[in-house]
Amino acid sequence: MYVRAVPTTDLNRNTEWFTYPGVWTTYILILFFSWLIVLSLFGCSPGMAWTIVHLSHFLVTYQCFHWKKGTPFADDQGIYNGLTWWEQIDNGKQLTRNRKFLTVVPVVLYLIASHTTDYENPMLFFNTLAVFVLVVAKFPNMHKVRIFGINADH
Amino acid sequence: MITIPYLTALTTYFSYGLLFAFGQFRDFFRKIFDWWQSSDLQGYAPICLGLEDFYIRRLYLRIQDCFGRPIASAPDAWFDVVERFSNDNNKTLKRTTKISRCLNLGSYNYLGFAAADEYCTPRAIESLKRFSPSTCSARVDGGTTTLHEELEECVADFVGKPAALVFGMGYVTNSAILPVLVGKGGLIISDSLNHNSIVNGARGSGATIRVFQHNMPSHLEKVLREQIAEGQPRTHRPWKKIIVVVEGIYSMEGELCKLPEIVAICKKYKAYAYLDEAHSIGAVGKSGRGVCELLGVDTADIDIMMGTFTKSFGSCGGYIAGSKELIKYLKYTCPAHLYATSISPPAAQQIISAIKVLLGEDGTSRGAQKLARIRENSNFFRSELQKMGFEVLGDNDSPVMPIMLYNPAKIPAFSRECLKQNVAVVTVAFPATPLLLARARICISASHTKEDLLKALEVISRVGDLVGIKYFPAEPMKEQREEGPIKVE
């Protein structure tokens, strides 16, 4: 089955790949397959596996979306050097479909992880902390905000 | 419109994610490893921050042998490619003295002027002896020879405009002209797939830049209306001037621009139209005069026509054609005219001779034959590739045909396999194209014979099966009907 790839008007090559078809499905499939891999490698309960997936998803997406700034190539001469990937996406426009999707994914993962571990304590604390940090980082009011100057430009 | 099979899109994203993850791992360990070893920077800041060259170091260098291959002969239909080898997994490549003769499907040699030509080459050599390889001066100082004057008249005549101005380099033509034409307070609306030279020129001009969806006149109209209504950012004053920049043939898509509709919209909203005919001048149109001739647009409707001589004329350099007042203005403001060295005299003579051949003024009909041949070759090649099941972009009559590859691993696979079978292709990936849409771009030339094209088709078909890029079902070959036994009553 075929899909059409309409060229976008986003000039930022670092983020325009997210507007093509198939990204959301790939993201969800990667999460699902990593759950299966964690289950088969560690031999733990499904709940622990979801917690591990949730926490490593937190670490990876925090690092990639909210910590690393700029673009991985030098063609654009550094115009995005002060912006994280989350701030660059969709040209800085807030509350687009992509942003809403990316905000919902950690929440859904949190619900699955806490449900399958029966809301037991050490896992629940870490899961809640992770989802809290991720969702707050994605608020429209946090656009270009650097708390206490952490990760600010020099 | 590019149609991707859904599974291919998913696997492409996954492959890039995997490559990215591996790159990050290696960077992480490299940072730890380097922390143990002292750095000898002596207090200077590093040239690039760790993230800026991530793509080059971790993705491009792995398949570096597919790009930048040195050639050892003129880029004719067949040429010599120098073989290279690497001892450290493609981080550095060393040339050998061995060459392999390959079919050239990558050079912009649309009319076959890239190799020695019976009319152009003797005249270029004569002008080399008379004027020497370089004028050693800018146009305003001592760099205008009779050849330059003749060339500008010739180009203006050929393109259909009152006057023209010629520069030594095609990229510089765009990036030095746009800042002169429009400045702060102006608006540049450019197609989303415009070439890097236009993007750089627009950024350097200081004007506000807006982008409209590729080849969609309706979106251009929407953007124009919105921008005219809003005015300049923050002050909301009316724009000083508005320029719409489009290309004749888009080099990565092979598509023609929808020129009649776009010019109509520009006229309606009183915006200037700038047409970049780098790939289409000389290659399309009945007498080779570009997209305006092909699509039936009057050249007086387009305010600034730009083009390059690299593609169809076998030379180097670029030109701007427009009204006499525009060219007079450019002659005293454009930095490429005032400070850059003028176009080399043999190159100028090559262009003049090539234009004469195209127009038939050399006394033969070779020009018309070349134009007919490139049209036939392009249409034949494109239809054959599509019949085999490849996804080929581009309109009919366009000599540029990208074959979609998509997955990052198929790029080096296709390139290396074709080279092994003596066909040289150019593959393009991110960031020159969008992430998903990596492609192999084939440029057909008038100097390709039918046997060359058939050999290319056979090799590409075999490599395509091996690599797995026949995304569409192939059309079945017409079965030969056997003569049954004739009934004898």
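- Named according to an unreviewed UniProt entry, chain B is serine C-palmitoyltransferase originating from Rhamnella rubrinervis.
- Taken verbatim from the UniProt record of chain B, the Cofactor (unreviewed entry) comment is "pyridoxal 5'-phosphate".
- Per UniProt, chain B has the following entry under Sequence similarities (unreviewed entry): "Belongs to the class-II pyridoxal-phosphate-dependent aminotransferase family."

- The name given to chain A in an unreviewed UniProt entry is ORM1-like protein 2, with Rhamnella rubrinervis as the source organism.
- UniProt annotates chain A under Subcellular location (unreviewed entry) with the comment "Membrane".

Thoughts on the interface of chain B and chain A
- Every contact between the two is made by 36 residues of chain B and, on the other side, 34 residues of chain A.
- A buried area of about 3100 Å², summed over both sides, lies between chain B and chain A, and 66% of it is on carbon and sulfur atoms.
- A per-residue breakdown of the area chain B buries against chain A is headed by Y6, Y13 and L51 of chain B, which together make up 21% of the total.
- Between chain B and chain A we count zero salt bridges in total.
- Between the two partners, chain B and chain A, sit eight residue pairs in polar contact (both at pLDDT 80 or more).
- At the level of elements, β1 (2–5), α1 (6–36), α2 (54–60), α6 (196–205) and β6 (208–212) of chain B are the ones that each hand at least two residues to the side of chain B that touches chain A.
- By residue class, the composition of the side of chain B that touches chain A is 25 nonpolar, eight polar and three charged.

Points about the sheet that holds strand β2 (residues 78–85) of chain B
- Ordered in space as β2-β3-β12 (chain B), the three strands form an open sheet in which the pairing is mixed. If you trace the sheet from one side to the other, it starts and ends with β2 and β12 (423–424) of chain B, each paired once.

Overview of the packing of aromatic side chains
- Per the stated rule, a full pass over the model turns up 25 aromatic pairs over all chains.
- Relative to F430 of chain B, the ring of Y55 of chain B lies with its centre 5.6 Å away and its plane at 80°, an arrangement referred to as edge-to-face. Residue Y55 of chain B is located in helix α2, and its partner F430 of chain B is located in the loop between β13 (426–428) and β14 (439–443); the two are separated by 375 residues in the primary sequence.
- A residue is classified by how much of its surface remains accessible, and Y55 of chain B, at 11% relative accessible area, is buried.
- Members of the aromatic cluster, connected to one another through ring pairs, are W17, F18, F65 and W85 of chain A together with Y13 of chain B.
- A cation over a ring is seen here: K370 of chain B above F113 of chain B, with NZ or CZ 4.7 Å from the ring centre.
- The cationic tip of K450 of chain B hangs over the ring face of F380 of chain B; the distance from NZ or CZ to the ring centre is 4.4 Å.

Quick notes on the sheet that holds strand β11 (residues 400–404) of chain B
Residue and element names in this part refer to chain B.
- Strand order in the open sheet formed by three strands is β11-β14-β13, with antiparallel pairing between adjacent strands. Bordering the open sheet on either side are β11 and β13, each of which pairs with just one other strand. Direction aside, neighbouring strands of the sheet carry axes that sit 30° apart on average.
- As paired elements, β13 and β14 share three bridges and run antiparallel to each other. Its bridge partner being in β14, V426 is matched across the sheet by R441.
- Set on the sheet, helix α13 (residues 366–388) makes contact with β11 and β14; between it and β11 the angle comes to about 15°.

Here we look at the nonpolar core
- Ranked by size, the top nonpolar core spans 67 residues in total, and within it L102 of chain A together with I4, F381, L385, F414, L437 and I460 of chain B carry the most contacts.
- Element by element, the count of residues in this core is highest for helix α15 (residues 450–467) of chain B, at seven residues.
- Aside from chain neighbours lying at most four places away, what touches F381 of chain B is M401, I442, I444, L453, A456, L457 and I460 of chain B.
- Membership of the second largest hydrophobic core comes to 64 residues, among which are F113, C257, A273 and I355 of chain B.

Examining the pairing of β14 of chain B
Residue and element names in this part refer to chain B.
- Counting buried positions over the five residues of β14 gives five, a clear majority of the element.
- Taking every second residue as pointing to the same face, both faces of β14 are buried, with R439, R441 and C443 on one and A440 and I442 on the other.
- Where β11 meets β14, five bridges bridge the pair, whose relative direction is antiparallel. If you follow M404 over to β14, its bridge partner there is R439.

Definitions and limits used
Residues numbered from 1 in each chain as written. Chains lettered and ligands numbered in written order. Predicted model: local features only at pLDDT ≥ 70, side-chain atom pairs only at ≥ 80, totals over all residues. Heavy atoms only, no water. UniProt positions renumbered as here; feature names shortened; annotations may be inferred. Contact = heavy atoms within 4.5 Å. Buried area = accessible area lost by both parts, 1.4 Å probe. Salt bridge = Lys/Arg side-chain N within 4 Å of Asp/Glu carboxyl O. Polar contact = N/O pair within 3.5 Å; in protein donor to acceptor, adjacent residues only side chain to side chain. Helix = DSSP H or I, 4+ residues; strand = E, 2+ residues; numbered from the N terminus. Nonpolar A, V, L, I, M, F, W, Y, C, P; charged D, E, K, R; others polar. Pairing = 2+ DSSP bridges. Phe/Tyr/Trp six-rings, centres within 6.5 Å; stacked < 30°, edge-to-face > 60°. Buried < 20%, exposed > 50% of the residue type's maximum accessible area, 1.4 Å probe, protein only. Lys NZ or Arg CZ within 6 Å of the ring centre and 35° of its normal. Axes fitted to C-alpha atoms, helices over the stretch in contact; angles between N-to-C directions. Core = buried A, V, L, I, M, F, W, Y, C linked by side-chain atoms within 4.5 Å.

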